[in-house]
Structure formats: structure tokens, C-alpha cells
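The primary structure of each chain is shown beneath.
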Amino acid sequence: MDYFPLFADLKGRPVLVVGAGGVALRKIRLLLKCGALIRIAADKLHPHIRSLHEAGRVEWAARAFSPELLDTAFLAVAATNDADLNEQVFQAAQQRRLLVNTVDDPARCNFIFPSIIDRHPIQIAISSGGQAPVLARLLREKLEALLPQGLGVMAGIAGRWRGRVKAKLVSTAQRRRFWEKLFTSAAFQRLADSRRSREAERLVRRQLAGDWPQTGEVALVGAGPGDAGLLTLKGLQRIQEADVVLYDALVSEQVLELVRRDADKICVGKRANGGSVPQEETNRLLVRYALAGKRVVRLKGGDPFVFGRGGEELEALREAGVPFEVVPGITAALGAAAYAGIPLTHRDHAHSAMFIPGQRKIDADAPDWQALAQSRQTLVVYMGTIKAAELARELIAHGRAADTPAAVVSCGTLPGQQVFSGSLSELPGLAEKAPLPALLIIGETAALHHRLGWFGEQPALSADRSGWYVQPAAGADKPAVRVA
Ligand code: SAH
């Protein structure tokens, strides 16, 4: 260990900062956060430091460094771009046995500034011992993303309740169990994450009174369309905390890889081979695991509320009195359109977008074909490949031009993504070629795939079979899509 990590109380303690440029500003801002008294020795001040000085938040002690300035200091920071001056500050501080940091000069530091994660009162400091500050910063960003948002709230509550818990639970082991149970409770974490401190404290009170609710809870989490990078931060946290994960066949391997290794993973997907878990059985499983006190994640492809039957599952949980939350995901239409370079709306080509299912309940009314066949709107059809012929026929019969651009995006956002594009009259043929899962996109903007497609194979810019897409003339700044 090259450096010993310490957390220093600098409240009201003088810190001498020599130099007042951009580098000094960063250190000053950090030190001000913990209440240090900043004294500056510099001939001129960075404009932001000047504002701090004018606001009375820092003291401009001297125009030039002199060793006596260190006599009243608790720490020193040498932040000038003059190596000789930095050396003087370092030597003078050494003589006085003061801790000194010379910015960007590890050999002249006897303390260093770590990368800091601040979830007050929790603080995490990361250091590479001055060897690789950028690596330390990247590590900090990774940790920031993984740590629950409510960490600070949890610690604050623990601080407020420590005395009462100690008075009630006499043995250390009892207290340890109490806190462990509280901090790992999904309900407590959820309340802390959403800053509902008062309700969270109510839970602490109940637990201390021995009235701890036994129920686990369910998070209905949208897994996105496939690329694990499209999971939300909250979705990632939930699947990493889960004891049990019930997932659909649509959830990608990449996302399942992120589930905690020792969690139970149960596939409740509706599979193409006919083998599927009926919805009622899924509902029953969710309730059963939650009532057994487990943290359950119901992981669904895309977004749980978009053609996902998420609403039905929540009804079952509500009836059983199981607490739940919903973490939205990127629905297939948004993911596939973005990765295929097909803007769903576009000032020149489409003023609205509509998401519809290709499959309908047997007793459902016929769709409003007139509305669906409007031009200048993008129609996205989920579960639509089998019905592509009927869809194209009806849309054309109700007035949509047969040469309206159309695309089928297969395995959107995944490494195997393919985009089959052509015109509405060609849609059945395109859909037939497309491996599942696939989305149909019909509308003027589908043509833009040829220019804006960026993921996987870059499509050629040249005209395609339908004659809809033309290469822009050199220097042309207008979109190259011709609209009928
Ligand atoms: N809740 C999901 C939709 C479930 S319906 C969501 O919000 O995305 C299932 C349909 O979604 C599939 O039949 C297919 O049309 C579409 N789909 C899901 N993932 C897809 C993907 N990666 N690429 C293309 N289509 C996808």
C-alpha cells in the first residue's frame, strides 16, 4: 500500500492553495465542499476563483508564496505551473511536517486527491496512487452506475436510528442481523432510491417493533430489444439484486448474462415451438415467489407495457397484496428504428408514429384501416410478419400508395440485425425472408434507412429497386428521399 486512505475533517481548517488557475479551481471546489477554509497565494485569480473571492468564500491571503503562510495551514496544495515554485512550497511544507499535494507531480505529494463518489454520508474514494488517474476516474464512473441511488438516504436513516436500535437490541450480533436485513430489503431500498425517507423510516420502526413484513416484491423490468447496453441503470440494478428472475423468450442472452450468478432463472417465454408457460401460471409463480419473501424480477423484452401483458401481471400481484414497481425498457420499435436508421417521425416525412400489433385477439374489432393508411405517418407493426400480406393488401386498398417505403427489421439491435427494405407492395416477400423477432415499419421514413443506417453493415447509398431512394447530388443539402 503506497498511500494510506484517510477521510479528513477539514471543516473550518485552513488549506493553503498556491496558484489560482484552472487546476487550482478544481481542487478548491472539492475542498470547499467539505467546509475547508481556503487561503490563496497567487498573483492573479482565475475568473471563477475571483467570483468565489468576491462572494467571500475564499481568502486571497497573498500575491506571492512565502513559507510563513504555511504556519497557520493544515494542508497545502501547490498548483502553479512553475516547477521551481512548486518545489519551494513542497520543501517548506516538508520542513513543517505539513501534508502537501503538488498537482500532477506524484514525487512532490505526500497526500493525493482520490476520485470521489459522494452519496452523503457514504463516500467512496478511489486512487491509483497517482499512477493512472484516468483509470481511477473510469472506475469511479462504473461504480457510480452500479451503486443504488438511495445509498446516502439509507446511511442517513441508519445514522438517525443507530441509538434507538442499540438501546433495543443489546447484542452486536442482533444489531448486525437487524441492519443486514434492513439494508438488503427490497422495499427499504426502493423507498430509499425514490427518496421517500419518511416511509423508509416507518419500515425501520416496524422492523424494530418485530413487525417486519415477510413479503418480497416484484420488479417488472423492461429488458430492451436485445443490446444489453440499452438496459436502464435501474433495470440493471434490479436484475443484479434479484433472487429469482422470470424471463421471456425475447430477452437476449446478453441481458441474461447480467443476472446475478446465483439467482434462479426461469424461462416463462411463449416459444415458437409451441412450448410456453400460460399467462396464469406466470402470474401464479410471481405471487408465490414474492410471498416466500424473494426479490423477484419479471424481465420482459422491450418495455413491459408495450404489447407485453405487463398490466395483467400487475393485476395479479395487486390482488395478492404483493408490492411491485415497474422499470420501463426501450421498446422494440424505438430500438430497432434507431439501429436501422429509420427516424419514426421526421419534419419532412412523418408527423406521427403508430405502434400496432399484427396479431389480434380473436374477438377484437377490425382495425381502423382508414386511419392506419394515412400518409405521412410511420406505422410500426409488432408480431406482424405472418400478417404482412393482409396488412399490405388492406393498407393499399384503403389508400396507402403501393410504393410507400417499408422495412422489416429482424433481430433489431442485436449483432445479427438485418434490415429488409422495399415498398409496401413488396412487404409480404420482405417479411417472409426475415428471421424472428421482426418488426414491420411502413411509411415515408423507412426509406431513410438507406442513408442513415449505421449499425452492422452500412447500406449502400445508391438507388434501390423501388426507385425511391436516390443518391444526393454533390453538395445537395436537401434530404435525398423523394416523397410521393
Ligand atoms: N414488449 C415488447 C414487445 C413484445 S411483442 C417490446 O416493447 O418491444 C413481441 C414482438 O416485438 C415481436 O414479435 C417483434 O415484432 C417485436 N420485437 C421484439 N424484439 C425485437 C427485436 N429485437 N427486433 C425486432 N422486433 C422485435
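What counts, and where the lines are drawn
- Residues numbered from 1 in each chain as written.
- Predicted model: local features only at pLDDT ≥ 70, side-chain atom pairs only at ≥ 80, totals over all residues.
- Heavy atoms only, no water.
- Axes fitted to C-alpha atoms, helices over the stretch in contact; angles between N-to-C directions.
- Helix = DSSP H or I, 4+ residues; strand = E, 2+ residues; numbered from the N terminus.
- Parallel < 35°, antiparallel > 145°, perpendicular 65-115°, else oblique.
- Left-handed = near helix turned anticlockwise from the far one by under 90°.
- Contact = heavy atoms within 4.5 Å.
- Nonpolar A, V, L, I, M, F, W, Y, C, P; charged D, E, K, R; others polar.
- Patch = residues over 30% accessible without salt bridge, like charges linked within 9 Å, V, L, I, M, F, W, Y side chains within 5 Å.
- Areas by Shrake-Rupley, 256 points an atom, 1.4 Å probe, with all protein chains shown as cover.
- Salt bridge = Lys/Arg side-chain N within 4 Å of Asp/Glu carboxyl O.
- Buried < 20%, exposed > 50% of the residue type's maximum accessible area, 1.4 Å probe, protein only.
- Near = heavy atom within 4 Å.
- Polar contact = N/O pair within 3.5 Å; in protein donor to acceptor, adjacent residues only side chain to side chain.
- UniProt positions renumbered as here; feature names shortened; annotations may be inferred.
- Pairing = 2+ DSSP bridges.
- Expected span 1.5 Å × (residues − 1).

Visitor: A description of the packing of helix H5 (residues 151-168) against helix H6 (residues 172-183) should follow, citing residues and the corresponding values.
Guide: The interhelical angle for the contact between H5 and H6, taken along N-to-C directions, is 150 degrees, at an axis separation of 12 Å. Here H6 runs roughly antiparallel to H5, going by the angle between their axes. Crossing angle aside, the handedness with which H5 passes H6 is right-handed. Contacts from Met154, Ala158, Trp161, Arg162, Val165 and Lys166 in H5 reach Arg175, Phe178, Trp179 and Phe183 in H6. Considered class by class, the residues forming the contact of H5 with H6 number seven nonpolar, no polar and three charged.

Visitor: Before we move on, could you go through a nonpolar patch on the surface and cite the residues and values that matter?
Guide: Judged by side-chain polarity, Met1, Phe4 and Leu6 come together as a nonpolar surface patch covering roughly 470 Å² of accessible area. Phe4 gets classed as exposed once you look at its relative accessible area, which sits at 63%.

Visitor: An account of the site of the ligand is needed here, citing residue identities and associated values.
Guide: Around the ligand lies a shell of 17 residues, among which Asp303, Val306, Thr331, Ala332 and Ala438 are the nearest. Backbone polar atom of Ala332 to an oxygen atom of the ligand: 2.8 Å apart, as the coordinates give it. Measuring from a nitrogen atom of the ligand, one finds a backbone N or O atom of Gly412 at 2.8 Å. Burial of the ligand by the surrounding chains reaches 91%, relative to a free accessible area of 550 Å².

Visitor: Describe the UniProt feature "active site" (unreviewed entry) in the protein, naming the residues involved and giving the relevant values.
Guide: Residues annotated by UniProt as "active site" (unreviewed entry) correspond here to Asp248 and Lys270. Within the element layout of this structure, Asp248 appears in the loop between strand S9 (244-247) and helix H10 (253-256). Excluding its chain neighbours within four sequence positions, the residues that come into contact with Asp248 are Val268, Gly269, Arg298, Leu299, Lys300 and Gly301.

Visitor: So, the sheet that holds strand S4 (residues 75-78): which residues are in play, and what are the values?
Guide: Spatial strand order, S3-S2-S1-S4-S5: five strands in an open sheet with parallel pairing. Of all the strands in the sheet, just strand S3 (59-62) and strand S5 (99-102) have a single pairing partner and so form its edges. Sheet twist, expressed as the average angle between the axes of neighbouring strands with direction ignored, equals 25 degrees. Inspection of the sheet shows S4 paired to S5 by four bridges, in the parallel sense. The partner of Val77 across the bridge, within S5, is Asn101. Sitting on the sheet, helix H1 (residues 22-33) is in contact with strand S1 (14-18), strand S2 (37-41) and S4, with an inclination near 160 degrees to S2.

Visitor: I'd like to hear about the environment of Arg195, residue by residue, with values.
Guide: Turning to its location among the elements, Arg195 is positioned in the loop between helix H7 (186-193) and helix H8 (197-208). Between the C-alpha atom of Arg195 and that of Gln131, which follows or precedes it by 64 residues, the distance is 37 Å. Each residue touching Arg195, except ones within four places of it in the same chain, is listed here: Gln149, Gly150 and Val153.

Visitor: Could you give an account of the pattern of salt bridges, with specific residues and numbers?
Guide: Scanning all chains against the criterion turns up 22 salt bridges. Glu199 is paired through a salt bridge with Arg196; the nearest N and O atoms lie 3.2 Å apart. One salt bridge connects Arg260 with Asp262, and the closest N-O pair in it is separated by 2.9 Å. Overall, Asp262 belongs to the exposed group, its relative accessible area being 58%. Each of Asp193, Arg238, Glu241 and Glu325 takes part in one network of salt bridges that share partners.

Visitor: Explain H1 to me, using residue names and the numbers behind them.
Guide: Look at H1: 17 Å from first C-alpha to last across twelve residues, which is about the 16 Å you get at 1.5 Å a residue. Taken together, the buried positions of H1 are Ala24, Leu25, Lys27, Ile28, Leu31 and Leu32. Structurally, H1 contributes buried residues whose contacts are with S1, S2, helix H2 (47-54) and S4. The positive-phi residue at the C-terminal boundary of H1 is Gly35, with phi of around 85 degrees.

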